[in-house]
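Read off the chains here:
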Amino acid sequence: MGGGGGGVDLTGAGSTFINPIMSKWATDYAARTGIRVNYQSIGSGGGIRQLSEGTVDFGATDSPMTAAEAKRARGGRVLHLPVIIGSVVLAYNLPGVEQPINLSGELIAEMYLGEISRWNDPRIAAANPGVALPARDILPVYRTDGSGTTFIFTSYLASTSPRWANGPGAGKAVRWPRSVGLGGKGTEGVAMLVKDTPGAIGYTEFAYAHHNGLAMAPIANAAGAFIAPTIEATMAAASAALAGLPDSSDLKLSLINQPGPGAYPIASFSWLLVYADQTNEVNARKLADFIRWAITEGDVQARALDYTPIPPQLANLVRARLELVSPTDSSARRPVAAPVP
């Protein structure tokens, strides 16, 4: 894993959800330190597999590893280190409709189950008084690959719709109802299908929807309010989840449907997955330094790309976990590269 000389110093793989900010962090960190980070956007499931097989220095996922996945990890105990917060949005393509379309978990579940098939269905109209909804077919778009974004989305549906909880359920990959919708690979694939298909609706990370100019639905939260995906609304969900968090927590925190009138209900941390017991001291220092930098100095880039930085309380807990990877007070510690002024 990793390397030195003229090649890549650190390698990572996983979540497409985190790819825009990870690419920006890697570019800025290389310019500042000379340390090169290569990240492959292959989906959370792929990131977990590659970390487990020892082919990368870190994985990235939007859904915590299961007990079975953790057991298969060849390098021992895996630390879950939240580094960013993002929101999953319901983006849609309805030409001529200017007002935002309010949706609840039950309505979205019925769309993906094929029970609501037209945009002017009375149940959608009831949540959107005064909006002229078109008599157009609904085309749900879903991920075909193992995905943390799918886990976040289906977890929200399962928390709000008993039918969904008892049917497809929640997971990185679920069995989508037959003959309903279109499948796309990766967050990018879902966003492009929605953009190119009138009548489509799909779940994707906020940054992809925003940068593609897609309309996004305000979503009903636990308090019954329809909340648009904003940094403030996502931070409200994080604040609710962190309330009373003990320092001994494993940091596998869910932001799904958190209480609070202003909390956006479909949000998640993205975690970097690293082994607590590193076999290469130099790589361990490089990895820990990169993550410390990202959660300390990477918040400006995060906000510019429509992510929510993790709160200071959580950043302190992540720094403490990084002491397990590479202690900052080691007498043998040497800088891995001289910072660029």
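The text that follows walks through the structure, step by step, so that each part is easy to find. What you are looking at is a predicted structure, and each value in this text was computed from that prediction instead of being measured.

Criteria and thresholds
- Residues numbered from 1 in each chain as written.
- Predicted model: local features only at pLDDT ≥ 70, side-chain atom pairs only at ≥ 80, totals over all residues.
- Heavy atoms only, no water.
- Helix = DSSP H or I, 4+ residues; strand = E, 2+ residues; numbered from the N terminus.
- Rg over C-alpha atoms; globule rule 2.2 N^0.38 Å.
- Buried < 20%, exposed > 50% of the residue type's maximum accessible area, 1.4 Å probe, protein only.
- Contact = heavy atoms within 4.5 Å.
- Lys, Arg positive; Asp, Glu negative; His and termini not counted.
- Charge placed at Lys NZ, Arg CZ, Asp CG, Glu CD.
- Salt bridge = Lys/Arg side-chain N within 4 Å of Asp/Glu carboxyl O.
- Pairing = 2+ DSSP bridges.
- Expected span 1.5 Å × (residues − 1).
- Polar contact = N/O pair within 3.5 Å; in protein donor to acceptor, adjacent residues only side chain to side chain.
- Phe/Tyr/Trp six-rings, centres within 6.5 Å; stacked < 30°, edge-to-face > 60°.

### Regarding the overall build of the protein
Thought 1: A tally of regular secondary structure across the protein gives 13 helices and eleven strands.
Thought 2: Taking 341 residues into account, the globule formula puts the C-alpha radius of gyration at 20 Å, and the protein, at 20 Å, falls close to it.
Thought 3: Judged by the C-alpha coordinates and their principal axes, the protein covers about 70 × 40 × 35 Å.
Thought 4: Taken across its 341 residues, the protein has 56% of its residues classed as buried.
Thought 5: Put simply, 75% of the contacts in the protein that link residues at least 6 apart link residues at least 24 apart.
Thought 6: For the protein, the separation between the mean place of its 27 positive charges and that of its 27 negative charges on side chains is 5 Å.

### Some thoughts on the pattern of salt bridges
Thought 1: Per the counting criterion, the structure on display carries 13 salt bridges.
Thought 2: For the salt bridge of Asp9 with Arg36, the shortest nitrogen-to-oxygen distance reads 3.1 Å. Residue Asp9 is located in the segment before strand E1 (10-14), and its partner Arg36 is located in the loop between helix H1 (19-33) and strand E2 (37-41); the two are separated by 27 residues in the primary sequence.
Thought 3: Of the residues examined, Asp9 reaches a relative accessible area of 5% and is grouped as buried.
Thought 4: Given a relative accessible area of 30%, Arg36 falls into the partly exposed group.

### Thoughts on unusual backbone geometry
Thought 1: Of note in this structure, Asn257 is not a glycine but carries a positive phi near 55 degrees.
Thought 2: Note on placement: Asn257 falls in the loop between helix H10 (231-242) and strand E11 (267-275).
Thought 3: Here the phi dihedral of Asp306 falls at roughly 70 degrees; this positive angle occurs in a residue that is not glycine.
Thought 4: In this structure, Asp306 sits in the loop between helix H12 (299-304) and helix H13 (312-325).

### Looking at the pairing of E1
Thought 1: In terms of burial, E1 is a largely internal element, five of the five residues being buried.
Thought 2: For E1 and E2, the ladder comprises five bridges, and the chain directions are parallel. The residue bridging Gly12 from the neighbouring strand is Tyr39, located in E2.
Thought 3: Here three bridges tie E1 to strand E3 (residues 58-61), and the two strands are oriented parallel to one another. Within E3, the position partnered with Ala13 by the bridge is Gly59.

### Structural notes on helix H6 (residues 148-160)
Each full turn of the α-helix corresponds to 3.6 residues, which orients residues three or four apart in the same direction.
Thought 1: If you check H6, its first and last C-alpha atoms are 19 Å apart, about what 13 residues at 1.5 Å a residue would give, namely 18 Å.
Thought 2: What H6 keeps buried is the set Gly148, Thr149, Thr150, Ile152, Phe153, Thr154, Ser155, Tyr156 and Leu157.
Thought 3: A distance of 3.0 Å separates the backbone nitrogen of Thr149 from a side-chain oxygen at the start of H6, and that oxygen is part of Ser147.

### A look at the environment of Gly298
Thought 1: With respect to the helices and strands, Gly298 occurs in the loop between helix H11 (281-297) and H12.
Thought 2: Its relative accessible area of 0% is what places Gly298 among the buried residues.
Thought 3: Counting along the chain gives 136 residues from Gly298 to Pro162, while the straight-line C-alpha distance between them is 39 Å.
Thought 4: Among all residues touching Gly298, those that are not within four sequence positions of it are Trp25 and Trp293.

### Some remarks on the packing of aromatic side chains
Thought 1: Scanning all chains against the criterion turns up 14 aromatic pairs.
Thought 2: Ring centres of Tyr29 and Phe290 lie 5.1 Å apart, and the angle between their planes is 65 degrees; this geometry places the pair in the edge-to-face category. Taken together, the residues Tyr29 in helix H1 and Phe290 in helix H11 connect sequence positions 261 residues apart. Summarising the burial analysis for this pair, Tyr29 and Phe290 share the class buried.
Thought 3: Ring geometry for Tyr112 against Trp176: centres 5.8 Å apart, planes inclined by 45 degrees, an arrangement best described as tilted. Residue Tyr112 is found in helix H4 (residues 105-113), and its partner Trp176 is found in the loop between helix H7 (162-165) and strand E6 (182-184); the two are separated by 64 residues along the sequence.
Thought 4: The exposure class assigned to Tyr112 is buried, which follows from its relative accessible area of 1%.
Thought 5: Three or more aromatic residues joined by ring pairs form one cluster here, namely Tyr112, Tyr142, Phe153, Trp164, Trp176 and Tyr203.

### Looking at the environment of Thr149
Thought 1: On the secondary structure map, Thr149 appears in helix H6.
Thought 2: Residue classification places Thr149 among the buried positions, given a relative accessible area of 1%.
Thought 3: For the pair Thr149 and Ile266, spaced 117 residues apart in sequence, the C-alpha separation works out to 9.9 Å.
Thought 4: Once residues within four sequence positions are removed from consideration, Thr149 is found in contact with Phe17, Asp62, Val88, Arg143, Thr187 and Tyr203.

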